[in-house]
Amino acid sequence: MRWNIVIGVSAATLAVVQLAITAFSYFDPDRHFFGFSEMLFTPVAAITFLLSYPLLRGRNWARVSLVVLLVVSELGIALLVPLSFVANHWIYTRLLIAFSGLFSIAVIAVFIVVLLHPDVRRDFTVSPRPYA
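Everything quoted here is computed from the prediction, not taken from an experiment.

So, how was this worked out
- Residues numbered from 1 in each chain as written.
- Predicted model: local features only at pLDDT ≥ 70, side-chain atom pairs only at ≥ 80, totals over all residues.
- Heavy atoms only, no water.
- Core = buried A, V, L, I, M, F, W, Y, C linked by side-chain atoms within 4.5 Å.
- Buried < 20%, exposed > 50% of the residue type's maximum accessible area, 1.4 Å probe, protein only.
- Helix = DSSP H or I, 4+ residues; strand = E, 2+ residues; numbered from the N terminus.
- Contact = heavy atoms within 4.5 Å.
- Polar contact = N/O pair within 3.5 Å; in protein donor to acceptor, adjacent residues only side chain to side chain.
- Patch = residues over 30% accessible without salt bridge, like charges linked within 9 Å, V, L, I, M, F, W, Y side chains within 5 Å.
- Areas by Shrake-Rupley, 256 points an atom, 1.4 Å probe, with all protein chains shown as cover.
- Salt bridge = Lys/Arg side-chain N within 4 Å of Asp/Glu carboxyl O.
- Axes fitted to C-alpha atoms, helices over the stretch in contact; angles between N-to-C directions.
- Left-handed = near helix turned anticlockwise from the far one by under 90°.
- Nonpolar A, V, L, I, M, F, W, Y, C, P; charged D, E, K, R; others polar.
- Expected span 1.5 Å × (residues − 1).
- pLDDT = per-residue confidence, 0-100.
- Parallel < 35°, antiparallel > 145°, perpendicular 65-115°, else oblique.

Caption draft 1: The arrangement of the nonpolar core in detail. Grouped together as the largest cluster of nonpolar side chains are 21 residues, with contacts concentrated most on Ile7, Leu55, Leu66, Leu70, Ile77, Ile108 and Leu115. Of all the elements in the fold, those that place two or more residues in this core are α1 (3–26), α2 (38–56), α3 (60–87), α4 (91–116) and α5 (118–125). Looking at this core element by element, the count peaks at 8 residues for α3. What Leu70 contacts, discounting residues up to four positions off in sequence, is Ile108, Phe111, Ile112 and Leu115.

Rendered as structure tokens:
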């Protein structure tokens with residue numbers, strides 16, 4: 001299986017979706033759409049979108065860069081959730097923030113596990129295939 005194509009297309013798709021959500025919320029006059037993590041996810045999505053082409057080409061440095069970026073974003077989410085607790089005093093809002101943060105960390109952890117899988121690493125470390 002060509003993991004570089006799967007990883008590259010999924011990274012580009014998720015980055016475009018996050019950037020579209022950010023663009024949509026930018027035009028919301030009341031700014032009710034922003035969550036606790038949009039300030040973190042938007043730059044991560046922009047960098048991921050820039051990395052999607054090298055990921056499609058099977059560059060290992062792009063895979064490693066994406067793993068580092070995702071680990072840093074997980075740490076950012078882990079720091080943003082308690083700070084959002086301080087900013088919100090309603091228990092239901094705190095529970096929603098906690099579940100949203102845990103879900104985000106779980107999804108990012110799944111991507112990191114996939115990127116570190118031996119088959120994916122092998123596909124990214126193979127020399128580029130010549131095209132006929």
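Let's pick the thread back up.
Caption draft 2: Molecular detail of the side chain of Asn4. With respect to the helices, strands and loops of the structure, Asn4 is situated in helix α1. Take Asn4: its relative accessible area is 4%, and that puts it in the buried class. A distance of 3.1 Å separates a polar atom in the side chain of Asn4 from the backbone oxygen of Leu56. Here Asn4 is in contact with Leu55, Leu56, Arg57, Gly58, Asp123 and Phe124, once residues within four sequence places are set aside.

Caption draft 3: Expanded view of a nonpolar patch on the surface. Taken together, the side chains of Ile91, Tyr92, Leu95, Phe99 and Leu102 define a hydrophobic patch exposed on the protein surface, amounting to about 610 Å² of accessible area. Examined against the element boundaries, Ile91 turns out to sit in helix α4. Look at Ile91 and you get exposed, because its relative accessible area is 51%.

Caption draft 4: Representation of the packing of α1 against α2 in the model. The geometry of α1 relative to α2 is characterised by a closest axis approach of 8 Å and an angle of 150° between their N-to-C directions. Read as a crossing pair, α1 and α2 show a hand that is left-handed. Considered class by class, the residues forming the contact of α1 with α2 number 15 nonpolar, 7 polar and 1 charged.

Caption draft 5: Expanded view of α4. Helix length check: α4, at 26 residues, gives a terminal C-alpha distance of 37 Å against a target of 38 Å (1.5 Å per residue), a fit within 8%. Restricting attention to buried positions, one finds in α4 the residues Ile97, Ala98, Gly101, Ser104, Ile108, Ile112 and Leu115.

Caption draft 6: Region of interest: the environment of Leu14. Assignment of secondary structure puts Leu14 in helix α1. For the pair Leu14 and Ala45, spaced 31 residues apart in sequence, the C-alpha separation works out to 7.6 Å.

Caption draft 7: Here's a closer look at the confidence of the model for the protein. Here the protein shows a mean pLDDT of 84. Residues at 70 or above account for 86%. Within the protein, the element-level pLDDT minimum falls on α4, averaging 86, and the maximum on α2, averaging 89.

Caption draft 8: Highlighting the packing of α1 against α5. The interhelical angle for the contact between α1 and α5, taken along N-to-C directions, is 100°, at an axis separation of 8 Å. Taken together, α1 and α5 sit at an angle that is classed as roughly perpendicular. Judged by residue contacts, Trp3, Asn4 and Ile7 of α1 engage Asp119, Val120, Asp123 and Phe124 from α5. When the residues that make up the contact of α1 with α5 are grouped by side-chain class, the tally is 4 nonpolar, 1 polar and 2 charged.

Caption draft 9: Local environment of the environment of Arg121. Tracing the sequence through the fold places Arg121 in helix α5. Not counting the four nearest positions on each side in its chain, Arg121 is found in contact with Arg63, Leu115 and Leu116. A distance of 3.2 Å separates the side chain of Arg121 from the backbone oxygen of Leu116, its partner in a polar contact.

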